[in-house]
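Fold and geometry: a report
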Amino acid sequence: MDPIRRSLLGQLAKLTAGAALVPLSSVASAGINDQPPRRGGDPEKRYGMLIDLRRCIGCQACTVSCHIENAAPLGNFRTVVSQFEVEHEETGELATFMLPRLCNHCENPPCVPVCPVQATFQRQDGIVVVDSDRCVGCAYCVNACPYDARFINPRTQTADKCTFCAHRLEANLLPACVESCVGGARIIGDMRDPQSEISQLIEQHRGELMVLKPEKNTLPQVFYLGMDERFTTRPDGIKPAIWDVANQNGKEIGYEFDGH
Amino acid sequence: MNSMAIEMLVPRYGIAWYPWAVQYFFLIALSYATLWLAVPGLIFGKKAWMPTARIAMLACVSTTLVGPVALLADLHQPLRFWHFYGYPAPWSWMSLGSFILPLYLGAVVVLAWMSWRPALKARSQHDDGWFSKVAGWLSWGHWEVPRPLMVLVGLGALALSLGIMVYTGAEVAIVRARPLWHTYWLPFAFVATGFIGACGLVMLLNRISQVRNAITNRQMFSVMIGACIAMGFIALTWFLDGVNAVDGSVAMALDSIKDSEQWRNTALWGGIAGIALFVIAIILRLRERLWGWGWLVGLLALHVAWMFRWVVLMDVQTVARNSAGYHNYDMAFGSYGLMGILGTFGLWIAAILLIDLFVPWRGNEARAITDKSSSSSDISTGAPSHG
């Protein structure tokens, strides 16, 4: 089959969250752009996150606590809650939609095979991490991630991203975003343990869970409950509401809401 | 969708690859394309292509030397470049490229040195002060390079240049996260525009180096017309793949920019520049008395090749993947922006001037011809022209 048709079929066969739950058999052989072997981490576990959007109030406590816990530089975020104002075109009814974003720790992470120096890798427990001592800062992974989950940390000049707070998990603590979530919307756990809360919730809501951008074939492991399908990809006709406000010297002094 | 969404809160996403990347992709494309333009004369011994081959070789060596500098500068941790060799990742196109690139660079430099050696030796026997001395050092002994060895190195460089074409194209085209990159046509488009730019560069150097070979311009017009046709075919097929939804990723790519006035202008600009180049090249090719204007066409061709890379590598990074609208990209003045671009070009010009100063790259034939015609000038003897 020619590659263009194959890609078309790939696009057509949009993956559901159910399919994403089937773990890829550990990839041994790595052709060009295939997943290299995983290393480190507990092979008995597979961490994942479930976000119950019905419980998210958009308070950004996760954004702030993550920022403090991981000392991210100003303006860069490992997690953030996107907020949308949704207006019904006929009735004019307004609603707010909150969408917490973070690294999806994909089963097929596109950021890992592109790394030219094996600085970014996936641990056996599924967590995708960056070895900042090895990273050369080529930013290839930043471009390869469809979720904008990565950035170049201006302080270390290397790639930076959410690690599910692996350092806290190892100390039997919850990630900062989970710990601080006011509504208890974020649930993290080992999906290989059938008794874990996340496994039970996945079992209970299997048909309703959604992942972001399933058509990218990344098999994300952050599952959304109470998700509107139109927001799994970049919504159509979405409008920005915030504009930068600059002073006379072009220096940014704040934000302004469009039409307010 | 019967509802309208307004995005209230979003972080600002910067760009990850800086203009250095454009400079590298531009220079390395000129490098492999000029190598191919040098091949008919240098490797296959076609006499009519020899003047073109000499100019192309100058272009090839200078771009091959400067391109990797720009690439290194695009790393946020340039001093860690040795990690590429300490921790190879054979599944990454970029890692493969890091192994192909130095081999290619070596092959090109050795090939150029072999092709310049006879003229270097000839100069070392003249009484030309420092220039003769340097020429003597550079030519490195009095032995002859066997012709088969040179052909072998040339073919090796050619094979490695294929590796460069494949890796630079694939490296960008496999990024599914950016639909505008994720197409099988992108590597071909890089090569086609690379050849367009290379023909332009050869014509420009043909003029400013005072070689002014009319046959070279005729040859370059022909190759450029072919490359323009190929690029037109590629662009049209890509577009049709998208509008007919033959390729979902291309359809998504077109979708992501269809409402943007800036992108419409970019498409219009690219279309007009490409078609104008094609038409002018045909007209000039057919009229011998206009061949002298090749350098002007060359400037337009270089513009097309550079702009294509700017749009592909910089503008595409401003297309938001998850948030509304487009990200702002204001080119910085310093080394991450304008100074980086100018600096690379400055280094390139310096490389050309240094080669021109110390290497009689125009070859012995040039002198032999002008010696017979008795109008001896600095230019014809291969010495640098300072006029």
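Use the structure listed above.
Note that the structure is a prediction, hence the values are computed from the model and not measured.

1. Things to note about the overall build of chain B
Counting its regular elements, chain B contains 13 helices and 1 strand. Across chain B, helices and strands are ordered from the amino to the carboxyl terminus as β-α-α-α-α-α-α-α-α-α-α-α-α-α. With respect to the principal axes defined by its C-alpha atoms, chain B has extents near 85 × 55 × 40 Å. Looking at chain B residue by residue over its 387 residues, the buried ones come to 55%. When contacts within chain B are restricted to residue pairs at least 6 apart in sequence, long-range pairs at least 24 apart make up 75% of them. Carbon and sulfur atoms provide 71% of the accessible area of chain B, an area that totals close to 16,900 Å².

2. With respect to the overall build of chain A
When you go through chain A residue by residue, the secondary structure sums to 8 helices and 12 strands. Burial status across chain A gives 52% buried among its 260 residues. Put simply, 57% of the contacts in chain A that link residues at least 6 apart link residues at least 24 apart. Total accessible area computed for chain A in this model is approximately 12,200 Å², and 52% of it derives from carbon and sulfur atoms.

3. Quick word on unusual backbone geometry
Non-glycine residue Q157(A) carries a positive phi angle of around 55°. One non-glycine residue with positive phi stands out, namely A245(B), at about 55°. Within the element layout of this structure, A245(B) appears in the loop between α8 (214-243) and α9 (248-257). Taking the relative accessible area as the measure of exposure, A245(B) reaches 44% and is therefore partly exposed.

4. Regarding the side chain of E171(B)
Mapped onto the fold, E171(B) is located in helix α6 (residues 147-173). Notably, E171(B) is buried but unbridged: the nearest opposite-charge side chain belongs to R309(B), and the N-O separation is 11 Å.

5. Looking at the interface of chain B and chain A
Listed per partner, the contact involves 59 residues of chain B and 71 residues of chain A. Summing the contributions of chain B and of chain A, the shared interface buries around 6,000 Å²; its carbon and sulfur component is 53%. On the chain B side of the interface with chain A, the three residues burying the most area are M8(B), W91(B) and N322(B), jointly 14% of the side's total. Taking the shortest distance from any N to any O, the salt bridge between R321(B) and D148(A) comes out at 2.9 Å. On inspection of chain B and its partner chain A, the count reaches 29 residue pairs in polar contact (both at pLDDT 80 or more). Of all elements in the fold, only β1 (3-9), α3 (83-86), α4 (93-124), α6 and α9 of chain B reach the threshold of two or more residues within the side of chain B that touches chain A. Strand direction decides the pairing type here: strand β2 (residues 80-88) of chain A and β1(B), joined by 6 bridges, are antiparallel. Bridge pairing in β1(B) places Q83(A) opposite L9(B).

6. Quick notes on the state of the cysteines
Residue and element names in this part refer to chain A. Taken as a whole, this structure holds 0 disulfides over all chains when the rule is applied. C115 takes part in no disulfide bond, and the closest cysteine sulfur, belonging to C138, lies 6.2 Å away. C165 takes part in no disulfide bond, and the closest cysteine sulfur to it belongs to C66, at a distance of 6.1 Å. For C165, a relative accessible area of 6% puts it in the buried group.

7. Some points on the packing of α8(B) against helix α11 (residues 294-313) of chain B
Angle between the axes and distance between the axes: these two values describe a pair of packed helices. Residues and elements named next belong to chain B. Orientation of α8 relative to α11, taken along the N-to-C sense of each, is 30°, at an axis distance of 12 Å. It follows from the interaxial angle that α8 and α11 lie roughly parallel. α11 is crossed by α8, and the crossing has left-handed handedness. On α11, the residues that touch N217, F221, M224 and M231 of α8 are G294, V297, A301 and F308. Looking at the contact of α8 with α11 residue by residue, the classes come out as 6 nonpolar, 2 polar and no charged.

8. Some thoughts on the sheet that holds strand β1 (residues 47-52) of chain A
All names here are of chain A. The strand order across the open sheet formed by 3 strands is β8-β1-β9, and the pairing between neighbours is mixed. Among the strands making up the open sheet, the edge pair consists of β8 (186-190) and β9 (222-225). For this sheet, the mean inter-axis angle between neighbouring strands, taken without regard to orientation, is 20°. Pairing of β1 with β8 involves 5 bridges; the strand directions are antiparallel. Counted as the bridge partner of G48 is G189 from β8.

9. Details of the pairing of β1(A)
All names here are of chain A. Judged by how many residues are buried, β1 sits mostly within the fold: 6 of 6 residues are covered. By the alternation rule, side chains of β1 split into Y47, M49 and I51 and G48, L50 and D52, which are all buried. For β1 and β9, the ladder comprises 4 bridges, and the chain directions are parallel. Each residue of the ladder has a partner; that of M49, found in β9, is V222.

10. Points about helix α2 (residues 50-74) of chain B
Taking 1.5 Å of rise per residue, the 25 residues of α2(B) would be expected to cover 36 Å, and the 36 Å separating its terminal C-alpha atoms lies within 8% of that figure. Of all 25 residues making up α2(B), 19 are buried, and the element is well covered by its neighbours.

11. Brief notes about the nonpolar core
Most often, soluble globular proteins keep nonpolar side chains buried together rather than apart. Residue and element names in this part refer to chain B. With 135 residues, the main nonpolar core has W17, Y32, M57, W181 and M224 as its most contacted residues. It is helix α1 (residues 19-42) that provides the largest number of residues to this core, a total of 17 residues. Those residues in contact with M224 that sit more than four places away from it in its chain are I196, C199, G200, M203, L277, A281, V297 and A301.

12. Focus on the side chain of T344(B)
By the secondary structure assignment, T344(B) is in helix α12 (residues 338-358). Those residues in contact with T344(B) that lie beyond four places of it in its chain are W20(B), Q23(B), L27(B), V66(B) and A70(B).

13. Let's talk about the environment of A21(B)
As for its position among the elements, A21(B) is in helix α1. Given the relative accessible area of 5%, A21(B) is considered buried.

14. Focus: the pairing of strand β3 (residues 94-101) of chain A
Residue and element names in this part refer to chain A. As judged from the 8 bridges shared by β2 and β3, these two strands associate in the antiparallel manner. Residue pairing across strands places F84 opposite F97, the latter belonging to β3. Counting the residues between successive antiparallel strands, the hairpin from β2 to β3 contains 5 residues, one of them, G92, with a positive phi of roughly 75°.

Rules behind the numbers
- Residues numbered from 1 in each chain as written.
- Chains lettered and ligands numbered in written order.
- Predicted model: local features only at pLDDT ≥ 70, side-chain atom pairs only at ≥ 80, totals over all residues.
- Heavy atoms only, no water.
- Helix = DSSP H or I, 4+ residues; strand = E, 2+ residues; numbered from the N terminus.
- Buried < 20%, exposed > 50% of the residue type's maximum accessible area, 1.4 Å probe, protein only.
- Contact = heavy atoms within 4.5 Å.
- Areas by Shrake-Rupley, 256 points an atom, 1.4 Å probe, with all protein chains shown as cover.
- Lys, Arg positive; Asp, Glu negative; His and termini not counted.
- Salt bridge = Lys/Arg side-chain N within 4 Å of Asp/Glu carboxyl O.
- Buried area = accessible area lost by both parts, 1.4 Å probe.
- Polar contact = N/O pair within 3.5 Å; in protein donor to acceptor, adjacent residues only side chain to side chain.
- Pairing = 2+ DSSP bridges.
- Disulfide = S-S within 2.5 Å.
- Axes fitted to C-alpha atoms, helices over the stretch in contact; angles between N-to-C directions.
- Parallel < 35°, antiparallel > 145°, perpendicular 65-115°, else oblique.
- Left-handed = near helix turned anticlockwise from the far one by under 90°.
- Nonpolar A, V, L, I, M, F, W, Y, C, P; charged D, E, K, R; others polar.
- Expected span 1.5 Å × (residues − 1).
- Core = buried A, V, L, I, M, F, W, Y, C linked by side-chain atoms within 4.5 Å.

Distances and angles like these do not, on their own, reveal function.
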